[in-house]
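Architecture and fold: a report
Spelled out, the chains give:
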Amino acid sequence: MTGGVETQGSQSINYATVTWDQLHRDARFLAAELMRKYRPFRGIVAITRGGLIPAAILGRELGCRLIESVSVASYAGEEGTQQEPKLLKAPEAAGDGEGFLIVDDLVDSGVTARYVREMLPKAVFACLYAKPDGRPYTDHFVTEVPQDTWVLFPWDMAPQFVAPLNRSHKA
Ligand SMILES: O=P(O)(O)OC[C@H]1O[C@H](OP(=O)(O)OP(=O)(O)O)[C@H](O)[C@@H]1O
Ligand SMILES: Nc1nc2[nH]cnc2c(=O)[nH]1
Ligand SMILES: [Mg+2]
């Protein structure tokens, strides 16, 4: 993960950039830990959309071909209230979660993870990155990220031209 800061007006935003390579390494590291700790999973439930790619990598490493999905959208409630999750697609094949692994890319506030865990109380929950507020809602994660840092995933970014230093500074 590479750190960075972007300034917008008087506000600065901290970023943690994750490349495809890093994401793949982290997902394989997570797969190895899950292999050591659990018997083979009956299936994986990917939390769309961010959990889909980690779920595909974990499915490959763990030899798990049954991939279910759950689709949750978070809507901002009234001003000042926590975001409210809304179920767009239920993980029907997963029952109460017994034998299933729930996968997401990250936990931030933990709202999404808590909501999905309530639906699948017997499942194991794993993600790649966790911020402190979300940590209590995941059983496994690879790297902790500060709460004030926004994780930029490879699908959020595109390489772009950057002018050489000697052309970007005006005399
Ligand atoms: O812990 P939380 O505060 O709930 O945040 C974490 C969730 O937020 C992101 O998904 P998002 O809702 O942005 O949708 P997406 O995966 O479809 O991009 C991320 O993929 C997690 O699912
Ligand atoms: N890409 C991205 N999505 C999020 N959703 C909630 N937190 C984050 C984050 O840090 N990065
Ligand atoms: Mg998501």
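Residues numbered from 1 in each chain as written. Chains lettered and ligands numbered in written order. Predicted model: local features only at pLDDT ≥ 70, side-chain atom pairs only at ≥ 80, totals over all residues. Heavy atoms only, no water.

**Description of the site of ligand 1**
Taken together, Thr 48, Arg 49, Gly 50, Asp 104, Asp 105, Leu 106, Val 107, Asp 108, Ser 109, Gly 110, Val 111 and Thr 112 make up the full set of residues near ligand 1. A distance of 2.5 Å separates an oxygen atom of ligand 1 from a polar side-chain atom of Thr 112. Protein chains bury 72% of the 500 Å² of accessible surface belonging to ligand 1 in isolation. Every element with two or more residues in the shell around ligand 1 is listed here: β6 (100–107) and α3 (111–119). Element by element, the count of residues in the shell around ligand 1 is highest for β6, at four residues. Per-class residue counts for the shell around ligand 1 are three nonpolar, five polar and four charged. (Near = heavy atom within 4 Å. Polar contact = N/O pair within 3.5 Å; in protein donor to acceptor, adjacent residues only side chain to side chain. Areas by Shrake-Rupley, 256 points an atom, 1.4 Å probe, with all protein chains shown as cover. Helix = DSSP H or I, 4+ residues; strand = E, 2+ residues; numbered from the N terminus. Nonpolar A, V, L, I, M, F, W, Y, C, P; charged D, E, K, R; others polar.)

**Remarks on the UniProt feature "binding site: Mg(2+)" (unreviewed entry) in the protein**
Taking the UniProt record as the reference, the feature "binding site: Mg(2+)" (unreviewed entry) is found at Asp 105. Within the secondary structure, Asp 105 sits in strand β6. Taking the relative accessible area as the measure of exposure, Asp 105 reaches 8% and is therefore buried. For Asp 105, the residues in contact, after removing those within four places along its chain, are Gly 50, Gly 51, Pro 54, Cys 127, Leu 128, Tyr 129, Phe 153 and Trp 155. (UniProt positions renumbered as here; feature names shortened; annotations may be inferred. Buried < 20%, exposed > 50% of the residue type's maximum accessible area, 1.4 Å probe, protein only. Contact = heavy atoms within 4.5 Å.)

**Brief notes about the pattern of salt bridges**
Close approach of charged atoms allows side chains of opposite charge to pair. The full count for this structure, using the stated rule, is ten salt bridges. Close ionic contact of Glu 68 with Lys 89 constitutes a salt bridge, the shortest N to O distance being 2.9 Å. Of this pair, Glu 68 sits in strand β4 (residues 67–75) while Lys 89 sits in strand β5 (residues 84–89), and the two are 21 residues apart along the sequence. Its relative accessible area of 13% is what places Glu 68 among the buried residues. If you follow the salt bridges from partner to partner, you end up with Arg 28, Arg 60 and Glu 61 in one network. (Salt bridge = Lys/Arg side-chain N within 4 Å of Asp/Glu carboxyl O.)

**Remarks on the site of ligand 2**
Around ligand 2, the structure places Leu 106, Asp 108, Lys 131, Trp 150, Val 151, Phe 153 and Asp 156. Separating a nitrogen atom of ligand 2 from a side-chain N or O atom of Asp 108 is a distance of 2.6 Å. Note that an oxygen atom of ligand 2 is positioned 2.8 Å from one of the side-chain N or O atoms of Lys 131. Against a free-state accessible area of 280 Å², the protein chains account for coverage of 75% of ligand 2.

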